[in-house]
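Chain residues, written in single-letter form:
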Amino acid sequence: MRIAMIGTGYVGLVSGACFSEFGVHVTCVDKDADKIDRLKRGEIPIYEPGLDDLVARNVAAGRLSFTLDLKEAMQGVDAVFIAVGTPSRRGDGHADLSYVYGAAEEIARNLDHYTVIVTKSTVPVGTGREVEAIIRKTAPKAEFDIASNPEFLREGSAIGDFMRPDRVVIGATSDRAADVMRRLYRPLYLIETPIVVTSLETAELTKYAANTFLAAKITFINEIADLCEKVGANVHDVARGIGLDGRIGKKFLHPGPGYGGSCFPKDTLALVRTAQQVGSPLRIIETVVDINDKRKKQMAQRIIAACGGDVTGKTIAVLGVAFKPNTDDMRDSPSLDIVPALLAAGASVRAYDPAAMHEAEKLLPGVAWAKDAYAAIDGADCVAILTEWNEFRALDLRRIKALLKSPVMVDLRNIYNPADMAQAGFVYSSIGRPDGSAEKPTGSSAQSTL
Ligand code: UDX
């Protein structure tokens, strides 16, 4: 089979490379000449574990190629995927669909045989129909169908998520289109992946419902964590206690500084706007958005409180600025709220991130960047962990204590055990757990449920 993938951003590049690994001939198209040149040279513009090997292997096998020319890419294809960006529109939070509609017009100008046009980007309900209308208008005689095939890829584990998904959702306007889509995903039949075939609107909404539900789940455990702190309970034990109930499920119950990233903040807001627009408001998600925004801002106060309430003239070592580990993505990262608030309160910030510093330099002016965690900590008054990179999980605590002016650690990802930290002589604060002095060192309270 043969497909064209429009957009070589995160979703397009990962999906294109993974489809080629399935044996499909994939041509990735982008308007950015520099990006296409770099991809042709084998340079991968994003950080995603395993993607460079996957791309190199499939380019060498002749199944994956890159071009600026959509006409060339669309020759003989079974399907064209639209995987362009849908950023939040400035001011109103609606998804900006200009790139999607622009792609639809270009596709229409190049349609010369039956093709399935698939939206892979996260698009509001109704976008598929709009794409259909645009194509019909530009190319009234063209033979095509529309499909929606939302992605559920997590950054940092996107390839695994594509190759071994919990499910594939396909919205299609005809059986013929659904059949093309099923054939593209044929290798997943071997691992018995459920394929959920629905209408266009249902598939579009399913994507938003999944992301907003997960955002709500995280926000729920974050609020439970705050309550735990007040009543002396341990949020990880609560998460385990509820998560073992199959109706709840144990994933996405890890408390933290609030969700960030390229999807949850944008998608929660976009669904809230859609729901308001059609007169069926999603008050639960409106609240989730509000709580999460406030939470990210409040996190700086925790750090300031741990430093005795005043950080004027103090140096805070920040470990991790990406919104999650294994990515250099800074989009809506909690660090973008926390670090400026610390600077505004009079602190100096020295930070280190294994992958995101290059991105972060532009977004966080006034921060001194260190070459590793220890260099960030050297001479600081407090260390704050903002992202749970693996390399921060096993720091040499003795060395850190010796480097810090005072042994204060604020762990916003709960990667250390309070009792162990108390024993190591740290003034340690984390999210939703009693301070270590009252607990036995058991190791259970740092369990990740991500
Ligand atoms: C998410 C969805 O998981 C994916 O299906 C969708 O297609 C795109 O959006 P991603 O944004 O890459 O993926 O990361 P994810 O691992 O879901 O984390 C999102 C945010 O939630 C991060 O800020 C993370 O730190 C936070 N999070 C996640 C928590 O705070 N607690 C959790 O238990 C899980």
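Residue positions are given per chain, counted from 1 along the sequence in the order it is written. Under the rules for a predicted model, residues below a pLDDT of 70 receive no local features and side-chain atom pairs below 80 are neither given nor counted, while totals for whole chains, interfaces and linings still include all residues.

Remarks on the site of the ligand
For step 1, the next point in the chain: Nearness rests on one distance test: the residue's C-beta atom, set from the backbone, must lie within 6 Å of the molecule or strand. If you check the shell around the ligand, you find 21 residues, and the closest are E155, H254, Y259, G261 and C263.
For step 2, the next point in the chain: The helix count covers DSSP runs of H or I at least four residues long, the strand count covers runs of E at least two residues long, and both are numbered beginning at the N terminus. At three residues, the largest contribution of residues to the shell around the ligand is made by helix 9 (residues 200-231).
For step 3, the next point in the chain: Of the residues contributing to the shell around the ligand, the split by class is eleven nonpolar, six polar and four charged.
For step 4, the next point in the chain: These domain limits were set by an automatic method or by a database of domain assignments. Counting contributing residues per domain, the shell around the ligand is built from domain 1 (2-197) and domain 2 (234-258 + 295-446), each supplying no fewer than three. Note on residue classes: Ala, Val, Leu, Ile, Met, Phe, Trp, Tyr, Cys and Pro are nonpolar, Asp, Glu, Lys and Arg are charged, and everything else, Gly too, is polar.

Looking at the sheet that holds strand 14 (residues 427-429)
For step 1, the next point in the chain: Between any two strands, pairing holds if DSSP finds at least two bridges. Strand order in the open sheet made by the six strands is 11-10-9-12-13-14, with parallel pairing throughout. At either end of the open sheet lies a strand with only one pairing partner, and these are strand 11 (368-369) and strand 14.
For step 2, the next point in the chain: Two strands pair when backbone bridges link them, and strand 9 (residues 315-319) and strand 10 (residues 348-352) are joined in this way by five bridges, in the parallel orientation. Across the sheet, T315 pairs through a bridge with S348, a residue of strand 10.
For step 3, the next point in the chain: Contacts between helix 12 (residues 283-306) and the sheet are confined to strand 9, strand 12 (382-385), strand 13 (408-411) and strand 14, with strand 13 contributing the most and set at about 160° to the helix. Contact between two residues is assigned when their C-beta atoms, built from the backbone, lie within 7 Å. Angles run from 0 to 180 degrees between N-to-C directions of axes, and those axes are lines fitted to C-alpha atoms, restricted for helices to the stretch in contact.

A closer look at the sheet that holds strand 2 (residues 25-29)
For step 1, the next point in the chain: The mixed open sheet is built from eight strands, whose spatial order is 3-2-1-4-5-6-7-8. Each of the sheet's edge strands pairs with one partner strand only, and the pair in question is strand 3 (64-67) and strand 8 (195-198). Adjacent strand axes in the sheet meet at a mean angle of 25°, parallel and antiparallel pairs treated alike.
For step 2, the next point in the chain: In the sheet, strand 4 (residues 79-82) pairs with strand 5 (residues 115-119) via four bridges, with the strands oriented parallel. Pairing of F81 across the sheet is with V118, part of strand 5.

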